[in-house]
Amino acid sequence: MIKGFIFDLDGVLTDTAEYHYQAWKRMADKLTIPLDREMNEQLKGISRMDSLDRILALGNQTDRYSVEEKERLADEKNEDYKKLILDVTPADLLPGIAELLADLKAAGIRLALASASKNGPVIMEKLGIADLFETVVDPAGLKNGKPDPEIFIKGAEQLQLKPKECVGVEDAQAGIEAINAAGIFSVGVGTKEMMEKADYAVANTNELKLMDILKKANS
Ligand code: B16
Ligand code: MG
């Protein structure tokens, strides 16, 4: 019996994944490291510093910067990103998400957020959906990022539910792996190829229908 949904934010509730890409792309260009959309798939769901490490590795620049310099680079990316999210409004909810959240509320299913983003709470306020969520996992308190299951295990714990009573929704491969490893039913949004490990996958958010998901998860 499903009693809770644990959502990823970027790329599921809103398209801030695009803004992360734009801000990282600008940083990569500055560091003369080639970054394209395909490589960017590997950054989805990955924490800010781990993303920077992956970009530096891509450019064979792993040992080029000190810890302090890397912190400055990560801050610079975040300042760029924060400018891009300034104008986020409820109209930026991805297609079908407002309806899905309304259906979940009507069904009495409880909601948690499991985003790797430290900007998550601000974006939820801007989207006008913060009040719908009972709890938010603080990414700063995690020992391990996605694909480790910790963030989804904590999401279920904060809802005081068992993993088996929850559904997790993700757009990143690392996120689907994290949900699966937590023992939670995984729902993926993305291409069949990217979401092949998901228990149930749809191509776009407007195909996320509560009844379809519950039928699969409860079967
Ligand atoms: P921040 P999610 C993740 O959010 C993004 O997918 C990833 O691209 C980003 O690097 C990470 O949050 C950290 O975000 O720099 O804002 O703390 O997909 O887990 O909701
Ligand atoms: Mg995501």
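Quick note: structure is the one above.
Per chain, residues are indexed from 1 in the order of the written sequence. Note on labels: chains are lettered from A, ligands numbered from 1, in written order. Per-residue local features of the predicted model are confined to residues with pLDDT of at least 70, and side-chain atom pairs are confined, for both listing and counting, to 80 or more; whole-chain, interface and lining totals are unaffected and use all residues. The basis for every side-chain value is the complete set of heavy atoms in the structure, and neither hydrogens nor water enter the calculation.

Undergrad: Help me understand the packing of helix H3 (residues 48-58) against helix H4 (residues 67-84), please; the structure alone is not making it clear to me.
TA: Throughout, an axis means a line fitted to C-alpha atoms (over the contacting stretch in the case of helices), and angles, computed between N-to-C directions, take values from 0 to 180 degrees. Numbering of helices and strands starts at the N terminus; helices are DSSP runs of H or I of at least 4 residues and strands are runs of E of at least 2. For the pair H3 and H4, interaxial distance at closest approach is 10 Å and the crossing angle is 110 degrees. Classed by the angle they form, the pair H3 and H4 counts as roughly perpendicular. Judged by residue contacts, Arg 48, Met 49, Leu 52, Asp 53 and Leu 56 of H3 engage Lys 70, Glu 71, Leu 73, Ala 74 and Asn 78 from H4. Here the word oblique covers every angle except those under 35 degrees (roughly parallel), over 145 (roughly antiparallel) and from 65 to 115 (roughly perpendicular). We call two residues in contact whenever any of their non-hydrogen atoms come within 4.5 Å of each other.

Undergrad: Looking at this structure, how should I read the side chain of Glu 170?
TA: Mapped onto the elements, Glu 170 comes out in strand S4 (residues 166-170). For each residue, the accessible area found with a 1.4 Å probe, counting protein chains only, is set against the maximum for its type, and the residue is called buried under 20%, exposed over 50%, and partly exposed in between. Exposure remark for Glu 170: the relative accessible area of 0% places this residue in the buried category. Polar contacts involving the side chain of Glu 170 include one to the side chain of Lys 146, which spans 2.8 Å. Beyond its immediate stretch of four places on either side in the chain, Glu 170 contacts Asp 8, Val 12, Lys 146, Phe 152, Gly 175, Ile 176, Ile 179, Val 187, Gly 188, Val 189 and Met 195. Whenever two N or O atoms come within 3.5 Å, that pair is a polar contact, provided that in protein one can donate a hydrogen and the other can accept it, and provided that, for residues adjacent in sequence, both atoms are side-chain atoms.

Undergrad: How should helix H1 (residues 16-30) be read in this particular structure?
TA: Since one α-helical turn is 3.6 residues long, residues separated by three or four positions face the same way. The terminal C-alpha atoms of H1 lie 21 Å apart, and with 15 residues this matches the ideal 21 Å at 1.5 Å per residue to within 8%. Of the residues making up H1, those classed as buried are Thr 16, Ala 17, His 20, Tyr 21, Ala 23, Trp 24, Met 27 and Ala 28. Where H1 is buried, its residues meet helix H2 (37-40), H3, H4 and helix H6 (120-127). Positive backbone phi, at 50 degrees, marks Thr 32, one or two positions downstream of H1. What a helix is expected to span follows from its residue count: subtract one and scale by 1.5 Å.

Undergrad: Is there a simple way to explain the site of ligand 1 in this structure?
TA: Around ligand 1, the surrounding shell holds 18 residues, and the nearest of these are Asp 8, Asp 10, Arg 48, Ser 115 and Ser 117. Surface accessibility in these figures is a Shrake-Rupley result with a 1.4 Å probe; residues are shielded only by whichever protein chains are displayed. Here ligand 1, which alone exposes 470 Å², has 98% of that area covered by the protein. Charged residues are taken to be Asp, Glu, Lys and Arg, nonpolar residues to be Ala, Val, Leu, Ile, Met, Phe, Trp, Tyr, Cys and Pro, and polar residues to be all remaining types, Gly included. Its residues assigned to classes, the shell around ligand 1 shows 4 nonpolar, 7 polar and 7 charged. When at least one non-hydrogen atom of a residue lies within 4 Å of a molecule or strand, that residue is treated as near it.

Undergrad: Explanation requested: the coordination of the magnesium ion (ligand 2) in the structure shown.
TA: A four-donor tetrahedral metal ideally has 109.5 degree angles, and a six-donor octahedral metal ideally has angles of 90 or 180 degrees. Within the protein, the magnesium ion (ligand 2) binds to Asp 8 (OD), Asp 10 (O) and Asp 171 (OD); these donor distances fall in the range 2.1 to 2.2 Å. Metal sites are built from N, O and S donor atoms within 2.8 Å, or 3.2 Å for Na, K and Ca, and they leave out water, so they may look incomplete. Taken in chain order, the donor set of the magnesium ion (ligand 2) reads D-x1-D-x160-D. Within this pair, whereas Asp 8 is found in the loop between strand S1 (4-7) and H1, its partner Asp 171 is found in the loop between S4 and helix H8 (173-181), the two being separated by 163 residues in sequence. Asp 171 shares its class with Asp 8; the two are buried.

Undergrad: What is the right way to look at the nonpolar core in this model?
TA: The tendency in soluble globular proteins is for nonpolar side chains to be buried as a group. Note on terminology: a nonpolar core comprises buried Ala, Val, Leu, Ile, Met, Phe, Trp, Tyr and Cys residues joined through side-chain atoms within 4.5 Å. Core analysis: the largest hydrophobic core is formed by 36 residues, its most contacted members being Phe 5, Phe 7 and Leu 13. Listed by contribution, the elements that provide at least two residues to this core are S1, helix H5 (97-106), strand S2 (110-113), H6, S4, strand S5 (185-189), strand S6 (200-202) and helix H9 (210-217). Non-local contacts of Phe 7, meaning those with residues more than four positions away in its chain, are made with Val 12, Leu 13, Leu 100, Leu 101, Leu 104, Leu 111, Ala 112, Leu 113, Ala 114, Ser 115, Phe 133 and Val 169. Counting residues in each nonpolar core, the second largest holds 15 residues, with Ala 114, Ala 156, Leu 161 and Ala 178 among its members.

Undergrad: I'm lost on unusual backbone geometry in this one. Help?
TA: Excluding glycine, a negative phi dihedral is what most residues carry, and trans is how most peptide bonds are arranged. Between Lys 146 and Pro 147 the backbone carries a cis peptide bond, its omega angle lying at 15 degrees. Relative to the assigned elements, Pro 147 resides in the loop between strand S3 (135-136) and helix H7 (150-158). In this model, Asn 60 sits at a positive phi of 50 degrees, which is unusual for a non-glycine residue. The phi torsion at Gln 160 lies on the positive side, around 55 degrees, for a residue other than glycine. Mapped onto the fold, Gln 160 is located in the loop between H7 and S4. Looking at Gln 160, the relative accessible area reads 71%, which means it is exposed.

Undergrad: What is the right way to look at the pairing of S5 in this model?
TA: Both faces of the sheet carry side chains from a regular strand, because those side chains alternate between them. With 5 of 5 residues buried, S5 is to be regarded as a mostly interior element. Taking every second residue as pointing to the same face, both faces of S5 are buried, with Phe 185, Val 187 and Val 189 on one and Ser 186 and Gly 188 on the other. The pairing of S4 with S5 spans 4 bridges and is classified as parallel. Bridged to Val 167 within S5 is Phe 185. The criterion for strand pairing is that DSSP finds at least two bridges linking the strands in question. Of the pairings in the sheet, the one linking S5 to S6 comprises 3 bridges and is parallel in character. Each residue of the ladder has a partner; that of Val 187, found in S6, is Tyr 200.

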